[in-house]
Amino acid sequence: MTSLKNSDDSPVSPSSPKNVFKDTDDGQRRFLLELEFVQCLANPTYIHYLAQNRYFEDEAFIGYLKYLQYWQRPEYIKFIMYPHCLFFLELLQNANFRNAMAHPGNKELAHRQQFFFWKNYRNNRLKHIMPRPLLEPPAVTPAPAPPQAPTPPMSATIAATAPPPPALSPMPYGVLPGSSLAKNDMRNAAVDRRKRKKEA
C-alpha cells in the first residue's frame, strides 16, 4: 500500500496521457494564424523582410513553408483572399528564389510584375472569354445575276442592311447599351439654363 501511495504522490510525467494538450477552440486560432501568415506571403516586401532577417536560413522555417503547402488543396483554397500568396509560397520552396528575395532590386521587380498583372488582368481575361469573330469565307466569284426584282421602299432596305447589334460583354460594368437610364451631364444642364435666361 505504501508503494501505491508513493506512486499517486509522484509528479505526472510529461508523456502521460493526462497532460495531452487540448485545443480550447478546436484549432480555429491555429487555422486563422496560418491563414494570415500564408496571405502575408502575397506581399513581396514581406518576403524581402523575411529574407533580410535570415528566416530563410532556418531549416525549421523552411519545413514550415513546406507544411503550409496544404493551403493549395481545394478545401482550403476557398479561404484565400490573395491568390498571389500561393504563387509565392510555391516559389519559396526554391532556395534560389529565397536567396534572390534578399536583394531590394528583386523585391521591386516582383512588386512591379505583380502590379502589372493586376493592372492588365481584366483585359487579358476578356480576351479569353469574349467570342472571337468568325473568319470570313474566301471570296468566290459570283455567278451571273438574274434580272433584278423591283426595289423595295427605302426604309425596308435600310432595316435589312443594318448591322446586327454588338455582342454584350459577359462581364458588364456599368449601364448596358440601349438602357433607358438617362445620363447626368452637368455641362448640358448649364448650357440649357443659360439659353433659358437669354430667351426670357
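Residues numbered from 1 in each chain as written. Predicted model: local features only at pLDDT ≥ 70, side-chain atom pairs only at ≥ 80, totals over all residues. Heavy atoms only, no water.

1. A closer look at the overall build of the protein chain
The number of helices and strands found in the protein chain is ten helices and zero strands. Listing every helix and strand of the protein chain by position from the N terminus yields α-α-α-α-α-α-α-α-α-α. For the protein chain, with 200 residues in total, the buried portion stands at 17%. With an accessible surface of roughly 17,100 Å², the protein chain has 60% of that area assigned to carbon and sulfur atoms. (Helix = DSSP H or I, 4+ residues; strand = E, 2+ residues; numbered from the N terminus. Buried < 20%, exposed > 50% of the residue type's maximum accessible area, 1.4 Å probe, protein only. Areas by Shrake-Rupley, 256 points an atom, 1.4 Å probe, with all protein chains shown as cover.)

2. Some points on the packing of aromatic side chains
For the structure on display, the rule yields 16 aromatic pairs. With a centroid separation of 5.9 Å and an interplanar angle of 65 degrees, the aromatic rings of F87 and F88 are classed as edge-to-face. Judged by relative accessible area, F87 falls into the exposed class, the value being 52%. The exposure class assigned to F88 is buried, which follows from its relative accessible area of 5%. (Phe/Tyr/Trp six-rings, centres within 6.5 Å; stacked < 30°, edge-to-face > 60°.)

3. Concerning the nonpolar core
One finds L41, F56, L65 and W71 to be the most contacted residues of the largest nonpolar core, which totals 24 residues. For W71, the residues in contact, after removing those within four places along its chain, are F31, E34, L35, V38, Y76, I77, F79, I80 and L86. (Core = buried A, V, L, I, M, F, W, Y, C linked by side-chain atoms within 4.5 Å. Contact = heavy atoms within 4.5 Å.)

4. A look at a nonpolar patch on the surface
On the surface, F117, W118 and Y121 cluster together into a nonpolar patch covering about 350 Å² of accessible area. When you line up the elements, Y121 lands in helix α8 (residues 104–129). (Patch = residues over 30% accessible without salt bridge, like charges linked within 9 Å, V, L, I, M, F, W, Y side chains within 5 Å. Salt bridge = Lys/Arg side-chain N within 4 Å of Asp/Glu carboxyl O.)

5. A word on the confidence of the model for the protein chain
Model confidence for the protein chain is summarised by a mean pLDDT of 73, while 52% of its residues fall at 70 or above. When pLDDT is averaged over each element of the protein chain, helix α4 (residues 59–67) comes out on top at 93 and helix α1 (residues 2–9) at the bottom at 49. (pLDDT = per-residue confidence, 0-100.)

6. Let's talk about the pattern of salt bridges
According to the stated counting rule, one finds three salt bridges in the structure shown. Residue E34 is joined to R30 by a salt bridge in which the shortest nitrogen-to-oxygen separation is 3.1 Å. With a gap of four residues between them, E34 and R30 both fall in helix α2 (residues 28–40), about one helical turn apart. We classify E34 as buried; its relative accessible area is 5%. Here K107 makes a salt bridge to E108, at a shortest N to O gap of 3.2 Å. Residue classification places K107 among the buried positions, given a relative accessible area of 15%. For E108, a relative accessible area of 37% puts it in the partly exposed group.

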